[in-house]
Amino acid sequence: MTNIPPSLDFPEISPDRLTGLLEFLQSAEQLKDTLRSGTTASGRPESTAEHSWRLALMVLLFEQELKNIDLLKLLKLTLVHDLGEAISGDVPAPFQTPGDNRQERERQDFLTLCAPLPADMAEELLSLWDEYAAAETAEARIAKAFDKLETMLQHVLMPRQESSFYAFNLGYGVDRTYCSALTRQIRAKVDGLTRALMEDAGRESA
């Protein structure tokens, strides 16, 4: 006879709430097909979903160093911050310009994505998105710093690029990544890897 463990104390929810949560989850799946300008180490285009996953993993790995940070809030921010790209896609950093209303467009896309959700959940996710965009809380500032650092770490894993690619990365996100001694230390390490690749690329093109 099969020994079935006792049921956990999680009651059913209303059918409408269940439908809304699952509809949002299915729509968010588009993030798996939303491609970024970078690639994986093998040269395959990287998706925004993959970036968000590794960003959340990065937060988890540095948990012991992130003193006085609400880790659950920080993880939520990393998972939510790029969800609007599921609709309109990613705009590579070199093509972003001041005054292009990109943030407002992404917010509107995020609102569209959240439409099926129950009101309380939609409000919570929008609050997280707005907190990340404002970058005023400690959690949002760390999320933005790690977002830049994860991107830079991915860039040094990519197949060899032109020297100008690495030169751009050395100036990428400096304002965000200098927010703490820890992020500056990580930045210095990544910049060292980037400079080595840039020097190699320069020798190869000489």
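Residues numbered from 1 in each chain as written. Predicted model: local features only at pLDDT ≥ 70, side-chain atom pairs only at ≥ 80, totals over all residues. Heavy atoms only, no water.

*Asks:* Explanation requested: helix α10 (residues 181-205) in the structure shown.
*Replies:* Two residues of an α-helix separated by three or four positions point the same way, owing to the 3.6 residues in each turn. Taking 1.5 Å per residue as the helical rise, α10 with its 25 residues ought to reach 36 Å, and the 36 Å between its terminal C-alpha atoms agrees with that figure. Within α10, the full set of buried residues consists of L182, T183, I186, R187, V190, D191, T194, L197 and A201. (Helix = DSSP H or I, 4+ residues; strand = E, 2+ residues; numbered from the N terminus. Expected span 1.5 Å × (residues − 1). Buried < 20%, exposed > 50% of the residue type's maximum accessible area, 1.4 Å probe, protein only.)

*Asks:* For this particular structure, what's the right way to read helix α1 (residues 15-28)?
*Replies:* Taking 1.5 Å as the rise per residue, α1 with 14 residues should run 20 Å; its terminal C-alpha atoms sit 20 Å apart, in good agreement. Restricting attention to buried positions, one finds in α1 the residues G20, F24 and A28. The arc that holds the buried residues of α1, viewed along the axis, is 65 degrees, so those residues lie on one side. When the buried face of α1 is taken as reference, the exposed residues oriented beyond 90 degrees from it are P15, L25 and Q26. Contacts from the buried residues of α1 go to α5 (102-114) and α6 (119-134). (Arc of directions from axis to C-beta. Contact = heavy atoms within 4.5 Å.)

*Asks:* Looking at this structure, how should I read the packing of helix α3 (residues 71-80) against α6?
*Replies:* Helix packing geometry: the angle between the two helix axes and the distance between the axes. Contact geometry for α3 and α6: axes closest at 9 Å, N-to-C directions at 90 degrees. If you check the angle between α3 and α6, you find them roughly perpendicular. Contact residues: K73, K76, L77 and V80 in α3; E124, L125, L128, W129, E131 and Y132 in α6. (Axes fitted to C-alpha atoms, helices over the stretch in contact; angles between N-to-C directions. Parallel < 35°, antiparallel > 145°, perpendicular 65-115°, else oblique.)

*Asks:* Mind showing me how you'd approach the packing of α3 against helix α7 (residues 138-157) here?
*Replies:* At a closest axis distance of 9 Å, the pairing of α3 and α7 adopts a crossing angle of 45 degrees. One finds that α3 runs oblique with respect to α7. Like other packed secondary-structure pairs, α3 and α7 cross with a definite hand, here right-handed. From α3, K73, L74 and L77 reach across to α7, where they touch E139, A140, I142 and A143. Classifying every residue of the contact of α3 with α7 by side-chain character gives five nonpolar, no polar and two charged. (Left-handed = near helix turned anticlockwise from the far one by under 90°. Nonpolar A, V, L, I, M, F, W, Y, C, P; charged D, E, K, R; others polar.)

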